[in-house]
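Examination of the molecular architecture
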Amino acid sequence: MQSLAPSTRRLYGVGQAHYRAYCLTYMRNPLPANEAQLAEFIAYLADVVKAAPTTIKVYMAAVRTLHLEQGHPDPFEGTSLPHRVFTGVKRVVGTHGRLHRLPITLSHLRAIISGVKRNQQLSPVDQLMVAAASSLAFFGFLRCAELIACKRGEVTVTNEPQRHLLLAIPKSKTDPFRQGCTMSIGCADKANTAICPIELLNTYLAVTSRRSRMPPTLFTYQDGRPLGRQDFIHHVQQALTSQGIQDAKAYLGHSFRSGAATSAAAAGVPDWLIKAMGRWSSNAYQTYIKTPKAAVLDVSRAILTRGSKPTTNVCPSITDS
């Protein structure tokens, strides 16, 4: 599984552990599995493990990978029973009870930053940290893992050809060869400095540069602890709740990325540029470096200046796996 992302390897490991537990319980030979056995495993996941259809689909892929790595053919190839059982599980179980992730759009970002600055449980420096992280996550179209992993040395502000931020991303989910890329994020106009990623980051970096010990992680609490994924999501949900936003629990780490894409589409940013900013295609790195610099730097300003105007060509929330 060396070609898989670390998060995918962990998920596949869990799925394969369930498969071995199923084989042990029902005295089945793990390798190679026959068609009836695969169908029974899917039913086991739905009935015993209580796994959601989306999780079952991942575990099916894990079993397929287990076979291929051990030199066996794809057990699902040419079969129909496992797929019919899986379809039946989806029809019976559906997605009832599954939390639907909502996109964080420009209006939500304003609410988050406003709510964070009123959070008395955070020190002023920590309030600034969460605000800067939220803005960077949104305007950088970042995955939560990419945001949390940011290092101080990976962020640079430059004035050529116009003021913008350079964010180096050494690795990501869609970069299996770890070539990395550098994101260019434009600044906001004067009317929107309160949510501008460059203004917030500059202020945060200036304040935290006075610390006696400088941690390598970009976003750290005043006591030196790094900002974790769950802590970040908690602060975001807390801020949204304080601003009267309903269903705050539905806004998760990925909501910034999907919300940025949604806001950009509503602002009239072309699809090819949204894909380049979010690095959604398999050749993301090559696509990005071919993108005109002026067009990339205009994305933040376009969202801010045109995002609030009504349009008849609004794209629905964009998500990825």
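Further up the page is the structure itself.
Residues numbered from 1 in each chain as written. Predicted model: local features only at pLDDT ≥ 70, side-chain atom pairs only at ≥ 80, totals over all residues. Heavy atoms only, no water.

Notes on the overall build of the protein chain
A tally of regular secondary structure across the protein chain gives 13 helices and three strands. Looking at the protein chain as a whole, 46% of its 321 residues qualify as buried. Long-range pairs, those at least 24 residues apart, make up 66% of the contacts in the protein chain between residues at least 6 apart in sequence. Accessible area for the protein chain stands at about 16,300 Å²; split by element, carbon and sulfur atoms hold 55% of it. (Helix = DSSP H or I, 4+ residues; strand = E, 2+ residues; numbered from the N terminus. Buried < 20%, exposed > 50% of the residue type's maximum accessible area, 1.4 Å probe, protein only. Contact = heavy atoms within 4.5 Å. Areas by Shrake-Rupley, 256 points an atom, 1.4 Å probe, with all protein chains shown as cover.)

Overview of helix α10 (residues 255-266)
Helix length check: α10 (twelve residues) gives 16 Å between terminal C-alpha atoms against 16 Å at 1.5 Å per residue, within 8%. Of all twelve residues that make up α10, twelve are buried, and the element is covered over most of its length. All of the buried residues along α10 are Ser255, Phe256, Arg257, Ser258, Gly259, Ala260, Ala261, Thr262, Ser263, Ala264, Ala265 and Ala266. Taken from the residues just after α10, Gly268 is the one with a positive phi, measuring 90°. (Expected span 1.5 Å × (residues − 1).)

Quick word on the packing of aromatic side chains
For the structure on display, the rule yields ten aromatic pairs. Summarising the aromatic geometry, the rings of Tyr19 and Phe41 are spaced 5.1 Å apart at their centres and angled 85° between planes, so their arrangement reads as edge-to-face. Taken together, the residues Tyr19 in helix α1 (residues 6-26) and Phe41 in helix α2 (residues 35-49) connect sequence positions 22 residues apart. The same class applies to Tyr19 as to Phe41, namely buried. Seen in terms of ring centroids, Phe41 and Tyr44 are 6.3 Å apart; in terms of plane orientation they differ by 20°. Their pairing is stacked. Here Phe41 pairs with Tyr44, and both are found in helix α2, just three residues apart, close to one helical turn. For the pair shown, Phe41 and Tyr44 are each scored as buried. A connected cluster of aromatic rings, assembled from ring pairs, spans Tyr19, Tyr22, Tyr26, Phe41 and Tyr44. We note Arg225 situated over the ring of Tyr221; from NZ or CZ to the ring centre the distance is 4.2 Å. (Phe/Tyr/Trp six-rings, centres within 6.5 Å; stacked < 30°, edge-to-face > 60°. Lys NZ or Arg CZ within 6 Å of the ring centre and 35° of its normal.)

Examining the pairing of strand β1 (residues 155-158)
Note that β1 and strand β2 (residues 164-169) share four bridges and pair antiparallel. Bridged to Thr156 within β2 is Leu166. Two successive antiparallel strands, β1 and β2, enclose a turn made up of five residues. (Pairing = 2+ DSSP bridges.)

Observations concerning the packing of helix α6 (residues 124-139) against helix α8 (residues 197-208)
For any two helices packed against each other, one specifies the crossing angle of their axes together with the interaxial distance. At a minimum axis distance of 9 Å, the contact between α6 and α8 shows a crossing angle of 145°. The two elements α6 and α8 meet at a crossing, and its hand is left-handed. Only Pro197, Leu200, Leu201, Thr203, Tyr204, Val207 and Thr208 of α8 make contact with α6, whose side of the interface consists of Val125, Leu128, Met129, Ala131, Ala132, Ser135, Leu136 and Phe139. A per-class count over the contact of α6 with α8 returns twelve nonpolar, three polar and no charged. (Axes fitted to C-alpha atoms, helices over the stretch in contact; angles between N-to-C directions. Left-handed = near helix turned anticlockwise from the far one by under 90°. Nonpolar A, V, L, I, M, F, W, Y, C, P; charged D, E, K, R; others polar.)

Digging into the pattern of salt bridges
Within this structure, the stated rule accounts for six salt bridges. Arg143 is the salt-bridge partner of Glu146, the closest N and O atoms lying 2.9 Å from each other. Residue classification places Glu146 among the buried residues on the basis of a relative accessible area of 9%. Arg163 serves as the salt-bridge partner of Glu199, at 2.8 Å between the closest nitrogen and oxygen. Placement of Glu199 in helix α8 and of Arg163 in the loop between β1 and β2 is noted, with a sequence separation of 36 residues between them. Residue classification places Arg163 among the partly exposed residues on the basis of a relative accessible area of 28%. Each of Arg143, Glu146 and Arg279 takes part in one network of salt bridges that share partners. (Salt bridge = Lys/Arg side-chain N within 4 Å of Asp/Glu carboxyl O.)

Function-wise, these values are silent; they only describe arrangement.
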